[in-house]
Structures are given as C-alpha cells and as structure tokens.
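These are the residues of each chain, in order.
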Amino acid sequence: MTRTVYVNGAYLPENEATVSIFDRGFLFADGVYEVTSVLDGKLIDFEGHAIRLARSLSELAMRSPIEKADLLEVHRELVRANRIEEGLIYLQITRGAASDRDFAYPSEDTPPTIVLFTQNKPGLADSPVAKVGIKVISIADQRWGRRDIKTVQLLYPSMGKMMAKAAGCDDAWMVEDGAVTEGTSNNAYIVKGGKIITRHLSNDILHGITRAAVLRFAREAQMEVEERAFTVAEAQGADEAFFTSASAFVMPVVELDGQAIGSGTPGPVATRLREIYLDESRKVAI
Ligand code: PDD
C-alpha cells in the first residue's frame, strides 16, 4: 500500500510529495520534529508532543504553520488513511525554503515547511525486545548545547547508533563531564534500592514526553524518584536500567559497556513501569 503523507496542507501519495532543495531543513538542519506513537489506532500523549513542538518552534523564533486543533486532525487523518493500528507519526517543521542559500534567516513571510508521515509498526507495544532487554555502550556526548530543543540535527545520534551496532549493541548512552546525559533517541534511567534515578531537566537533555508520563505514574504508584545525573560506573552497579521514548515506551537495558546490569535480564521496576505506561496511556489516547 502506498502511504499517504501530508506536505504543506496537502495529503499526497508518498511518491508525489516533494520539498524544495532550498529548504532550510535540508541545507541547515533548521527544523524541529516530533514523534508520536499510535496504539489501537489512537494517539499517545498528543497534547505533550504538541506543547513541546510549540516550545521548540518558539526557542528558534520559528513560526508554526498550523494550529493545534488542525494538527490533531492531520494526525488523525493520516492514521485513518494509512490504517495504522500500532505505529508512529513523524512530524517535521522547518523554516521553509528561502530563494537561495543564506545563513541568515529568511524574511518573516517565508512559509515554514510542514511534513507528516506514518510508520506502521505492528507489535510495537508487545515488543519481543522489551522481554529480553537491550545492550548499550557509552560514548562521548558530542552534540550541541541546546538538546532541550527537538531539532532535526540527528547526525551524531545516528553515528552513536552505528558505534553501538559495531560493538554488537543496540544503542548508546552519551556521557558528558563524567555523567550520562541520555540515549541517542531516549531518556536514560537506573534503579538502585528501589529508587528510580534519571537526569534532571536542563538544556543538556531532551525533555521527554514519555519521561514526564512515566515519572508521574511512578510517583502515583508510590515509587521513589530522584532526578539527578549518574555515572556509567553507577549504572553498571545498579539493580536495573531502562530508557523511555515515544517509540520504545519503557525499554529495559540489561548491559552497559559489556557489563551486565543487575541480573542481566529486564528488572521488575522497568517491567512494571512499561505495563503501567502502556495501560494508562491507552486509557487516555485520543
Ligand atoms: N526521540 N532524548 C532524545 C535525544 C530523543 O531523541 C528522544 C525521542 C527522547 C525521548 O523523548 P520522548 O519521550 O518525547 O519520545 C529523549 C524520538 C522518539 C526519535 O527521535 O525518534
């Protein structure tokens, strides 16, 4: 089936959708994005993603080409048109196409570019990987200093994934000044003595929408949460580790730099949080 995608106000077959070669997303990575998951044909955490999108745009003085209510409608129409039961919706907004390549932002009346497409992922919730956990390596965090803005500058995270693959692992956790910042496309956590530890919010990490929901559910379930930085050594000596993202929900991490974490299998806290997150999110999906 040919995917229906959305580009600048039009629903089109994917092979007919185009963007200018002068688009600043293409030339300067001058764009922001969101990834929203779909379960049971409904959107998970749409509100959180829409709020973070507005913030990313505002931090970059970029105009939004669409109102929130219309954005919701586009998401829903793409889910309908592509018959997505489980999967992801990718959204990207760039500063648009100026008439030439110029580092300075184009004039205010340059229309932003907006693109959305779906990714069909049957079995996303009932992931076999979540049952065995994943292996990560640590790498230096060489990204820019505004990681709180969800920009499309994803070259270093891509390189990180390739470094992980080359090491026979699934992902990389990035380290700066001796402490873990986050995963290439997820927020990182450890569990020690029943306490959930994850890095505090700042410009150093993306403020994960899944992170916010998971910490809320953890606190509601009377689990102890501490928001602070932790080291690779501390993670290796933890009882459990996991990461969160819109595409992986809560994913157990069982090995870091070749060393098993805890029993080397998904731990009870990560397993429970994954269940709670999926159950509670499904209840309020729209
Ligand atoms: N990535 N940290 C980084 C660097 C990320 O790229 C992501 C999300 C997260 C988790 O954020 P959220 O819970 O809002 O998905 C943390 C998406 C899924 C991606 O790039 O595909």
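Please refer to the structure higher up on the page.
Read on for an overview of the structure. (Residues numbered from 1 in each chain as written. Predicted model: local features only at pLDDT ≥ 70, side-chain atom pairs only at ≥ 80, totals over all residues. Heavy atoms only, no water.)

**With respect to the site of the ligand**
Argument step 1. Lining the immediate surroundings of the ligand are 20 residues, of which Tyr33, Glu182, Ile209, Thr210 and Ala246 lie closest.
Argument step 2. The side chain of Thr210 places a nitrogen or oxygen atom 2.5 Å from an oxygen atom of the ligand.
Argument step 3. At 2.8 Å, a backbone N or O of Ala246 approaches an oxygen atom of the ligand.
Argument step 4. Alone, the ligand offers 480 Å² of accessible surface; in the complex the protein occludes 90% of this.
Argument step 5. Only β3 (31-39), α2 (46-59), β9 (179-183), α6 (209-220) and β13 (240-245) provide two or more residues apiece to the shell around the ligand.
Argument step 6. In terms of residue class, the shell around the ligand is made up of five nonpolar, eleven polar and four charged.
Argument step 7. Inspection of the shell around the ligand shows a minimum of three residues originating in each of domain 1 (4-120) and domain 2 (129-284). (Near = heavy atom within 4 Å. Polar contact = N/O pair within 3.5 Å; in protein donor to acceptor, adjacent residues only side chain to side chain. Areas by Shrake-Rupley, 256 points an atom, 1.4 Å probe, with all protein chains shown as cover. Helix = DSSP H or I, 4+ residues; strand = E, 2+ residues; numbered from the N terminus. Nonpolar A, V, L, I, M, F, W, Y, C, P; charged D, E, K, R; others polar. Domains from an automatic or database assignment.)

**Considerations on the packing of α6 against helix α8 (residues 268-283)**
Argument step 1. Running from N to C, α6 and α8 point in directions that differ by 105°, and their axes come no closer than 10 Å. Between α6 and α8, the crossing angle belongs to the class labelled roughly perpendicular. Counting all contacts with α6, which are made through Thr210, Ala213, Val214, Phe217 and Ala218, the residues of α8 involved are Leu273, Ile276, Tyr277, Glu280 and Ser281. (Axes fitted to C-alpha atoms, helices over the stretch in contact; angles between N-to-C directions. Parallel < 35°, antiparallel > 145°, perpendicular 65-115°, else oblique. Contact = heavy atoms within 4.5 Å.)

**Observations concerning the pairing of strand β6 (residues 113-120)**
Argument step 1. The pairing of strand β1 (residues 4-7) with β6 spans two bridges and is classified as antiparallel. Across the sheet, Val7 pairs through a bridge with Val115, a residue of β6.
Argument step 2. Two elements, strand β5 (residues 87-94) and β6, share eight bridges in a ladder whose sense is antiparallel. Bridge assignment links Leu88 to a residue of β6, and that residue is Gln119. (Pairing = 2+ DSSP bridges.)

**Focus: the packing of α2 against helix α3 (residues 68-81)**
Argument step 1. Where α2 contacts α3, the axes come no closer than 11 Å and their chain directions differ by 125°. In terms of their interaxial angle, α2 and α3 are classed as oblique. Once α2 is placed against α3, the crossing between them reads as right-handed. Residues Phe46, Glu47, Ala50 and Leu53 of α2 form the contact with α3, whose participating residues are Lys68, Leu71, Leu72 and His75.
Argument step 2. Across the contact of α2 with α3, the residue classes tally to five nonpolar, one polar and two charged. (Left-handed = near helix turned anticlockwise from the far one by under 90°.)

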